[in-house]
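# Structural characterization, general
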Amino acid sequence: MTAPGPGGRRPGRGPDDDPRPTVRPTRVRDVAAIAVVAALLGNILVQLTYGMLPTLPVAAAVVVAVLAAAEAAGGVVLRRRIDRRNGAAPVPPLVAARAVLLAKASAVGGAVVAGLWVGVLMHTLPRAAVVVAAFRDSVVAGVGVVSALLLVGAAFWLEYCCRSPDDPDDTDGGIRAG
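Residues numbered from 1 in each chain as written. Predicted model: local features only at pLDDT ≥ 70, side-chain atom pairs only at ≥ 80, totals over all residues. Heavy atoms only, no water.

### Observations regarding the overall build of the protein chain
Across its full length, the protein chain holds four helices and zero strands. Along the protein chain, helices (α) and strands (β) appear in the sequence α-α-α-α when read from the amino end. Put simply, the protein chain has 178 residues, and 31% of those count as buried. Taking as baseline every contact in the protein chain between residues at least 6 positions apart, the subset at least 24 positions apart corresponds to 78%. (Helix = DSSP H or I, 4+ residues; strand = E, 2+ residues; numbered from the N terminus. Buried < 20%, exposed > 50% of the residue type's maximum accessible area, 1.4 Å probe, protein only. Contact = heavy atoms within 4.5 Å.)

Set out below in structure tokens:
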């Protein structure tokens, strides 16, 4: 057992030193920073290799939207189970934890994909009026950006849906400054 520190408190037992493991909500600024870095790197990569790239497939952009829809639907189902609506079966804690981790990974992945598509747009959009391939790639990249942003939104929704409605320590609605 450790000796009390200054003020009679034991080290590591302050209000911010809760020994229980916690997962903090994903911060929008972190996701935005990831997207900006990915956009810059993606633009450099596209500038160096655009002439060698094949035509960008629309399916590459649409698949991300399908993932976003599935994640948003999963959030709705999970929220109903957590709230125990209509006698729904309770959610095992490990399932909720896995859903939160999926949401966090999807937010980061969606930010990277959105950034990469923005990088493509930064290169193709100025050339779209002159080059037919650049116009088509701009359209695909625009669909890709929207799809990736939908995935990020669905990830934030899923993370929100996983919060416990009766957490006595959750005085700020799951939002912490910092």
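### Re the pattern of salt bridges
Tallying each qualifying case throughout the model produces three salt bridges. A salt bridge links arginine 27 to aspartate 30; the shortest N-O distance between them is 3.3 Å. We classify aspartate 30 as partly exposed; its relative accessible area is 34%. With a closest N to O distance of 2.8 Å, aspartate 83 and arginine 79 form a salt bridge. Looking at arginine 79, the relative accessible area reads 11%, which means it is buried. (Salt bridge = Lys/Arg side-chain N within 4 Å of Asp/Glu carboxyl O.)

### Description of the packing of helix α1 (residues 28-49) against helix α3 (residues 93-124)
Where α1 contacts α3, the axes come no closer than 6 Å and their chain directions differ by 40 degrees. Comparing their axes, α3 and α1 come out oblique. Between α1 and α3 lies a crossing of right-handed hand. Two secondary-structure elements touch here, α1 through Val31, Ile34, Ala35, Ala38, Ala39, Gly42, Asn43, Val46 and Gln47 and α3 through Ala107, Val108, Ala111, Val112, Gly115, Leu116, Val118, Gly119, Val120, Met122 and His123. (Axes fitted to C-alpha atoms, helices over the stretch in contact; angles between N-to-C directions. Parallel < 35°, antiparallel > 145°, perpendicular 65-115°, else oblique. Left-handed = near helix turned anticlockwise from the far one by under 90°.)

### Observations regarding the nonpolar core
Among the nonpolar cores identified, the biggest contains 11 residues, and these are Val46, Tyr50, Leu56, Ala61, Trp117, Val120, Leu121, Ala134, Val140, Ala141 and Val145. Where this core is concerned, the elements lending two or more residues are α3 and α4 (132-161). Considering each element in turn, this core owes the most residues, four residues, to α4. One finds Ala96, Val100, Ala103 and Cys162 within the second-largest nonpolar core, a separate group that totals nine residues. (Core = buried A, V, L, I, M, F, W, Y, C linked by side-chain atoms within 4.5 Å.)

### A word on the packing of α3 against α4
Axis separation between α3 and α4 bottoms out at 8 Å; the angle between their running directions is 160 degrees. With respect to α4, the axis of α3 lies roughly antiparallel. Remark: the crossing between α3 and α4 carries left-handed chirality.

### A closer look at the environment of alanine 155
Among the structural elements, alanine 155 can be located in helix α4. Relative accessible area serves as the criterion here: at 0%, alanine 155 is assigned to the buried category. Separated by 47 residues in the primary sequence, alanine 155 and valine 108 place their C-alpha atoms 9.0 Å from one another. Apart from residues no more than four positions distant in its own chain, alanine 155 is found in contact with Glu71, Ala103, Ser106 and Ala107.

### With respect to the confidence of the model for the protein chain
On average, residues of the protein chain score 85 in pLDDT, and 80% of them are at 70 or above. Between the elements of the protein chain, mean pLDDT differs from a low of 93, seen in helix α2 (residues 58-82), to a high of 96, seen in α1. (pLDDT = per-residue confidence, 0-100.)

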